[in-house]
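Each chain is listed here by its residues.
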Amino acid sequence: QILLSSLENKWGDEVWEHSLKTAYSRTRLKTTTPTFHNATIGEHPVLFYHSEVKINSQNRLMGGLEGGQERAHEPNLHKRSHGGLFLIHTFKPFEPTALKGGIRFDRYQHLGNQMTFNVGADQKVTPTTTLRTSYGTNFKPPALSDLFQRNPWQIPNPFLKPEKSRS
């Protein structure tokens, strides 16, 4: 069972747009066996701020930040705060072509800091077809259940590190 709620406010003009969003998700795992899994509950409140500036007809700069906290309610409460900020530059040398480059800095409590990047290009071929390519790095922190949840089929490992990838 998943409950997701969010509230977003946007403001600005043609040159500078802003967005502030708050979201809350709650997950409840309900199974018939084993009984200790019946009430596994997770929560994730988060706050996002996003801003986009049109520098000129060819350049846009987008930035933002987010912060939140993951919570896993099991026999004990496990929680982890996280936050991040990002900056993306879009350059359009021609109307159907867009070149993008971005960087993101994330901080997860107990996992340290991580910096990732992405570069890419969009080429509009027809009004309904766009070719996209990109290259970047990413990381995914371990789920709280992998770090702390103990059951007959799983032994928790609080020392797991984030998965890292390039694509």
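To be clear, the structure that these remarks concern was listed above.
Everything numeric here is computed off the predicted structure, so don't read it as measured data.

Asker: Please clarify how the overall build of the chain should be interpreted in this entry.
Answerer: From N to C terminus, the chain includes 1 helix and 9 strands. Going from the N terminus to the C terminus, the chain shows its helices and strands as β-β-β-β-β-β-β-β-α-β. Counting the 167 residues in the chain, one finds 27% classified as buried. Of the contacts formed within the chain by residues at least 6 apart in sequence, a portion of 38% connects residues at least 24 apart.

Asker: Quick question: what am I supposed to make of the packing of aromatic side chains here?
Answerer: Aromatic rings in a pair are described by how distant their centres are and how their planes are angled relative to each other. All told, the structure shown has 2 aromatic pairs when counted by the stated rule. Aromatic side chains Tyr-108 and Phe-139 sit 5.8 Å apart centroid to centroid with 85 degrees between the ring planes, which places their arrangement in the edge-to-face category. Of this pair, Tyr-108 sits in strand β6 (residues 97–108) while Phe-139 sits in strand β8 (residues 129–140); the two residues are 31 residues apart in sequence, bridging distant segments of the chain. Take Tyr-108 and Phe-139: they sit in the same class, and that class is buried. Taking the centre distance of 6.1 Å and the plane angle of 50 degrees together, the rings of Phe-117 and Tyr-135 count as tilted.

Asker: What's the story with the pattern of salt bridges in this structure? I'm lost.
Answerer: A full pass over the atoms with the stated rule returns 9 salt bridges. Residues Glu-95 and Lys-92 are paired through a salt bridge, measuring 3.6 Å at the closest nitrogen-oxygen approach. Exposure remark for Lys-92: the relative accessible area of 29% places this residue in the partly exposed category.

Asker: Would you take a moment to explain the environment of His-110 for this structure?
Answerer: Relative to the helices and strands, His-110 resides in the loop between β6 and β7 (112–126). In sequence terms His-110 and Phe-159 are 49 residues apart; their C-alpha atoms lie 9.5 Å from each other.

Asker: Explain the side chain of Glu-43 to me, please; I cannot follow it from the model alone.
Answerer: Looking at the element boundaries, Glu-43 is found in strand β3 (residues 40–54). A distance of 2.8 Å separates polar atoms of two side chains, one belonging to Glu-43 and the other to Tyr-24. Not counting chain neighbours up to four residues away, the residues in contact with Glu-43 comprise Tyr-24, Ser-25, Arg-26, Gln-69, Glu-70, Arg-71 and His-73.

Asker: For this particular structure, what's the right way to read the environment of Leu-111?
Answerer: In this fold, Leu-111 is placed in the loop between β6 and β7. With relative accessibility at 23%, the residue Leu-111 sits in the partly exposed group. Taking the C-alpha atoms as reference, Leu-111 lies 9.5 Å from His-82; in sequence the two are 29 residues apart. In this structure, Leu-111 is in contact with Arg-80, Pro-141, Pro-142, Leu-160 and Pro-162, ignoring residues within four places of it in sequence.

About the cut-offs
- Residues numbered from 1 in each chain as written.
- Predicted model: local features only at pLDDT ≥ 70, side-chain atom pairs only at ≥ 80, totals over all residues.
- Heavy atoms only, no water.
- Helix = DSSP H or I, 4+ residues; strand = E, 2+ residues; numbered from the N terminus.
- Buried < 20%, exposed > 50% of the residue type's maximum accessible area, 1.4 Å probe, protein only.
- Contact = heavy atoms within 4.5 Å.
- Phe/Tyr/Trp six-rings, centres within 6.5 Å; stacked < 30°, edge-to-face > 60°.
- Salt bridge = Lys/Arg side-chain N within 4 Å of Asp/Glu carboxyl O.
- Polar contact = N/O pair within 3.5 Å; in protein donor to acceptor, adjacent residues only side chain to side chain.

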